[in-house]
Amino acid sequence: MPTNILMPALSPTMEKGNLARWLKKEGDKIKSGDVIAEIETDKATMEYEAVDEGTLAKIVVPEGTHDVAVNAVIAVLAGDGEDVKAAAAAAKAAPAPKQAEAPPKPVAPPKAAAPDAQPVPAPKLSAAPAPQVAPSSGSNRIFSSPLARRLAKEAGVDLNRVQGSGPHGRVIARDIDAAKSGKGLRASEAAPAAAGPSLAPSMSEQQVRALYDGSYDFVPHEQIRKVIAQRLTASVQTVPHFYETVDCDIGKLMAAREEINEAAPKDKDGKPAYKLSVNDFVIKALALALQRVPDANVSWTDGGMLKHKHSDVSVAVALPGGLITPIIRNAESKSLSAISNEMRDLAARARAHKLKPHEYQGGTTSVSNLGMYGIKDFTAVINPPQSTILAVGAGEERAVVRNGQLAIATIMSVTLSCDHRAVDGALGAELVSAFKTLIENPVMMVV
């Protein structure tokens, strides 16, 4: 009998994905291991390999479809000897996956949705429908279709304020589309928002819009921005942060970096084998510091502490509309040149959305460096289940006192954010002190 090809789960927390592109067409022969499609997550575009063999009888979910649930049928494969037309006809007769159905009108630009492919579970975007009836002010009840409820939840639209255009005033998908642009709202509900309620986290999107009377351009959130917002909010609300800042004299580091880069071997085209950045030294120093202070190389769980054997350093890389943290694994045992080249490759593939899940999921600590933007110092939010993150500022010339005399030194301020459940103040101080020792004496990184 025909085999259903299902939407794959590309990470432990993925619930939905975008079917970016089909690489095979209906009627093509498929072999096990063939790449048949590209699936887009919020972090990367992954190739989907066929497991079974046969003929691609029917594509159920066309390319470009967003928000397709994991395990939804996306295509049908006819096995050897099976009637391809019959398999395709059976697929046509079957109802399409609910998550793959297009609403009557586009609700958001195609790139506005993607699955959650974060390293650890974040507050989940539930696909379950809201209650059949939503109460409004007074005794009236708001009836809505399941699709409208799902779209309203994803768009942050309050159903109580939407004027339904379906049978008996039922709210349907096109009403949510109109509400997103500020149309079709109940006047009795819109007035209080326009009067200027206090700004509070519970304000709906429509309430915020009402404050500005249309004097803005609306840009729907991409899924990566939604996930970042969820995870950082959860981190701040559930992880007790504290911060420790030190100033590091990186004069020796700058001299060593210049000397090492000048001595780098070059190929026939004159391209150096590596070019170290200050951030490469930071990654190495933090990795070694965690080995010197192993009690800080931990992750908190309700049942116990995970004490990591290696220093897997996540490094924040800016993307349009968000960021991602590819990981330098076993950074404590890698040379500076190896870290430099690996980081350059990871960053390039991150910006092209070509990272694989294992390349950004996990990590035992993180580095966020804004020094290239001239930021002197800042604090960073911890990325659970990690317990620490190092915020790195710009190296700049400052007046310092040495042996009672004023002098000029290149100083870089760093701030360590710690999860107080796993890392106490003194332990955090040990870690940032070990980092300071290493970054100020880079020769110790090669011993």
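Above this text you will find the structure in question.
Since this is a predicted model, take the numbers as computed values, not measurements.

This paragraph deals with the overall build of the protein chain. The helix and strand tally for the protein chain stands at ten helices and 20 strands. Relative to its full complement of 447 residues, the protein chain shows a buried share of 45%. At a minimum sequence separation of 6, the contacts of the protein chain that also span at least 24 residues come to 64%.

Within the secondary structure layout, Thr364 lies in the loop between helix 9 (336-351) and strand 18 (365-369). A polar contact is formed between the side chain of Thr364 and the side chain of Asn297, at a distance of 3.0 Å. Among all residues touching Thr364, those that are not within four sequence positions of it are Leu290, Asn297, His308, His310, Ser311, Asp312, Gln386, Ser387 and Thr388.

What follows is about the nonpolar core. Here is a general trend for soluble globular proteins: nonpolar side chains tend to be buried in one another's company. Among the nonpolar cores identified, the biggest contains 55 residues, and Val282, Ile283, Leu390, Met412, Val414, Phe435 and Ile439 are the most heavily contacted of them. Looking at which element gives the most residues to this core, the answer is helix 8 (residues 278-292), with ten residues. Setting aside anything within four residues of it in sequence, one finds Ile283 in contact with Val313, Val315, Ile328, Ala331, Ile339 and Met343. Grouped together as the second largest cluster of nonpolar side chains are 20 residues, Trp22, Ala37, Tyr48 and Ala72 included.

Moving on, we come to the sheet that holds strand 1 (residues 3-6). Read across the open sheet, the four strands follow the order 1-8-6-3; overall the sheet is antiparallel. In this open sheet, the two edge strands, each paired with only one partner strand, are strand 1 and strand 3 (29-30). Two strands pair when backbone bridges link them, and strand 1 and strand 8 (residues 73-78) are joined in this way by four bridges, in the antiparallel orientation. In the sheet register, Leu6 faces strand 8, and the bridge partner there is Val73.

Rules and cut-offs
- Residues numbered from 1 in each chain as written.
- Predicted model: local features only at pLDDT ≥ 70, side-chain atom pairs only at ≥ 80, totals over all residues.
- Heavy atoms only, no water.
- Helix = DSSP H or I, 4+ residues; strand = E, 2+ residues; numbered from the N terminus.
- Buried < 20%, exposed > 50% of the residue type's maximum accessible area, 1.4 Å probe, protein only.
- Contact = heavy atoms within 4.5 Å.
- Polar contact = N/O pair within 3.5 Å; in protein donor to acceptor, adjacent residues only side chain to side chain.
- Core = buried A, V, L, I, M, F, W, Y, C linked by side-chain atoms within 4.5 Å.
- Pairing = 2+ DSSP bridges.

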